[in-house]
Amino acid sequence: MNDLISVIIPVFNTEKSIERCFSSIKNQEYQNLEIIVIDDGSADRSLELCRIQVEEDKRFKVIHMDNHGVSFARNYGISIAKGKWIMFMDSDDFLLPGALKTIEKDISENFADIYCWNSYYSKNEKLMEMGEFIPAEHLYVRNEIQKLMYGLYCKNQYEYYGDFFRAVWGKIYRTELIKENALKFPENIKIGEDALFLLDCLSNANRVYVKNNFIYGYECSNESVTGRYKKDFQKYQIDEYNAMKMRFKKYELDVNKVAIEFWHKGEKDYIKNELKLSRNILTVSDRTYKWMNEHPEINRYLCMEDENDGIRSKIRTYMLKLNLKRLVSIIDVTILQHKMFDKKDTV
């Protein structure tokens, strides 16, 4: 294989780590690359360091734009990519030595639309395994790929390979898969945009290759793209949840199979935040009731008896540990109301 690979790297204020990212690419044995760097309105020396690369290595293309967010930058990179394959990197991360040689070998030996490998955490210059299980090697064909789609959001069933499988890096994509299906990152989503893009890619892919070789280093830093929105994390998780529901409906997937994961992950945090922001217990009660009506899959789960009592009890225990006694009471009363209404409707 000697196909051109387009490496798309959005950059935002990563002057401290960007040179390591660039060096990790330039030092790869595989050289047929197009390195597309999009500076997303950096206020530090990132753009200057990017332009130095263009002078030293003609494979680099640097685009400067006003700050529009990582999804906008990646979408622009996709629009100008000329390679047969597309890779995504964050500018504070890096490729491991020999990563592209591994990619070249696996692409040559296995035909697929998407290839996925494992990654390391990197913290204080130490590499740590992520502790998530990825099979030694597996090729998913069309009928199996749905398991991966569910696995992006559900830990307890299907093909769940850890939270980092939800990231777009550590993978390579056939360019025609993305461009012919007009796949784009959702620019109105601040957190979870990677998983949503992957959901779209998996839905359109015919073959997905997964292998437990390490090719990528993910930098654990509050300055990273994924760490920047921590302040409004709960709100953005709800945005992701709603976008996921729309896609599940589009791809004829059952949202009920993953809704409980989102309850644990995001919805309880959202309600907790609502409670902290409001001193009016009635207002919070109204919001909770409205929220449960807007998310019937969660509502059904909370109101069901028998097999779900154990999990619901764990959620209540978690809330009590956080001193959310009032919220537990609100939800208990709301659940009771729903049960009473349901019984009344069946009489």
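Treat the numbers as computed from the prediction; the structure is a model and nothing was measured.

The rules behind these values
- Residues numbered from 1 in each chain as written.
- Predicted model: local features only at pLDDT ≥ 70, side-chain atom pairs only at ≥ 80, totals over all residues.
- Heavy atoms only, no water.
- Helix = DSSP H or I, 4+ residues; strand = E, 2+ residues; numbered from the N terminus.
- Buried < 20%, exposed > 50% of the residue type's maximum accessible area, 1.4 Å probe, protein only.
- Contact = heavy atoms within 4.5 Å.
- Phe/Tyr/Trp six-rings, centres within 6.5 Å; stacked < 30°, edge-to-face > 60°.
- Lys NZ or Arg CZ within 6 Å of the ring centre and 35° of its normal.
- Axes fitted to C-alpha atoms, helices over the stretch in contact; angles between N-to-C directions.
- Left-handed = near helix turned anticlockwise from the far one by under 90°.
- Nonpolar A, V, L, I, M, F, W, Y, C, P; charged D, E, K, R; others polar.
- Pairing = 2+ DSSP bridges.
- Right-handed = clockwise from strand over helix to strand, strands pointing away.
- pLDDT = per-residue confidence, 0-100.
- Salt bridge = Lys/Arg side-chain N within 4 Å of Asp/Glu carboxyl O.
- Core = buried A, V, L, I, M, F, W, Y, C linked by side-chain atoms within 4.5 Å.
- Disulfide = S-S within 2.5 Å.

**A short note on the overall build of the protein**
Scanning the protein from terminus to terminus reveals 13 helices and 10 strands. By residue count, 53% of the 347 residues in the protein fall in the buried class. Residue pairs in contact within the protein that sit at least 24 positions apart in sequence constitute 79% of those at least 6 positions apart.

**Overview of the packing of aromatic side chains**
What the rule picks out here adds up to 15 aromatic pairs. On the basis of an interplanar angle of 70 degrees and a centroid distance of 6.2 Å, the ring pair of Y173 and F197 is categorised as edge-to-face. Linking Y173 in strand β9 (residues 171–174) with F197 in helix α7 (residues 193–204), this pair joins segments that are 24 residues apart in sequence. Note on F185 and F197: the rings are 3.9 Å apart at their centroids and 5 degrees apart in plane angle, and the pair reads as stacked. With F185 in the loop between α6 (175–180) and α7 and F197 in helix α7, the pair connects residues that are 12 residues apart, well separated along the chain. The buried category is assigned to F185, whose relative accessible area is 2%. Relative accessible area serves as the criterion here: at 0%, F197 is assigned to the buried category. An aromatic cluster is built from W85, Y115, W117 and Y209, whose rings are joined through pairwise contacts. The cationic tip of K171 hangs over the ring face of F165; the distance from NZ or CZ to the ring centre is 4.9 Å.

**Re unusual backbone geometry**
Look at N13: it is not a glycine, yet its phi comes out positive at around 55 degrees. The residue N13 is located in the loop between β1 (5–11) and α1 (18–26) in this model.

**Digging into the packing of helix α3 (residues 70–80) against α7**
It is the contact of α3 with α7, at a shortest axis distance of 11 Å, that shows an interaxial angle of 40 degrees. In this structure, α3 crosses over α7, and the sense of that crossing is right-handed. Together, V70, S71, R74 and I78 of α3 and E193, D194 and F197 of α7 make up the contact between the two elements. Tallied by class, residues from the contact of α3 with α7 come to three nonpolar, one polar and three charged.

**Topic: the pairing of strand β2 (residues 33–40)**
Summarising burial for β2: eight of the eight residues are buried, a large majority. Here seven bridges tie β1 to β2, and the two strands are oriented parallel to one another. Among the inter-strand pairings, I9 is bridged to a residue of β2, identified as V37. Tracing the backbone out of β1, into α1 and back to the parallel element β2 gives a crossover that is right-handed. Pairing analysis gives six bridges linking β2 to strand β3 (residues 60–65), with the strands arranged parallel.

**Describing α3**
For α3, every residue scored as buried is listed here: V70, S71, A73, R74, N75, G77 and I78. As for α3, its buried residues are in contact with β1, β2, β4 (85–88), α6 and α7.

**Quick word on the confidence of the model for the protein**
The share of residues in the protein with pLDDT of 70 or more is 68%, and the mean pLDDT across the chain is 80. A low-confidence stretch, residues 336–347 (pLDDT under 50), is modelled with eight contacts involving residues beyond four sequence positions or located in other chains.

**A look at the pattern of salt bridges**
Evaluation of the coordinates by the stated rule reveals 15 salt bridges. Across the salt bridge formed by E219 and R20, the nearest N and O atoms sit 2.8 Å from each other. One end of the pair, E219, is in strand β10 (residues 207–219); the other, R20, is in helix α1, and 199 residues separate them in sequence. Take E219: its relative accessible area is 14%, and that puts it in the buried class.

**A look at the nonpolar core**
Among the nonpolar cores identified, the biggest contains 48 residues, and F88, I114, Y153, F197, V208 and F248 are the most heavily contacted of them. At seven residues, the largest contribution of residues to this core is made by α7. Those residues in contact with F248 that lie beyond four places of it in its chain are M149, Y150, Y153, L199, L253, D254, V255 and V258.

**Some words on the state of the cysteines**
On inspection of all chains with the given rule, the structure shows zero disulfides. Residue C116 stays outside any disulfide, its sulfur separated by 9.9 Å from that of C201, the closest cysteine.

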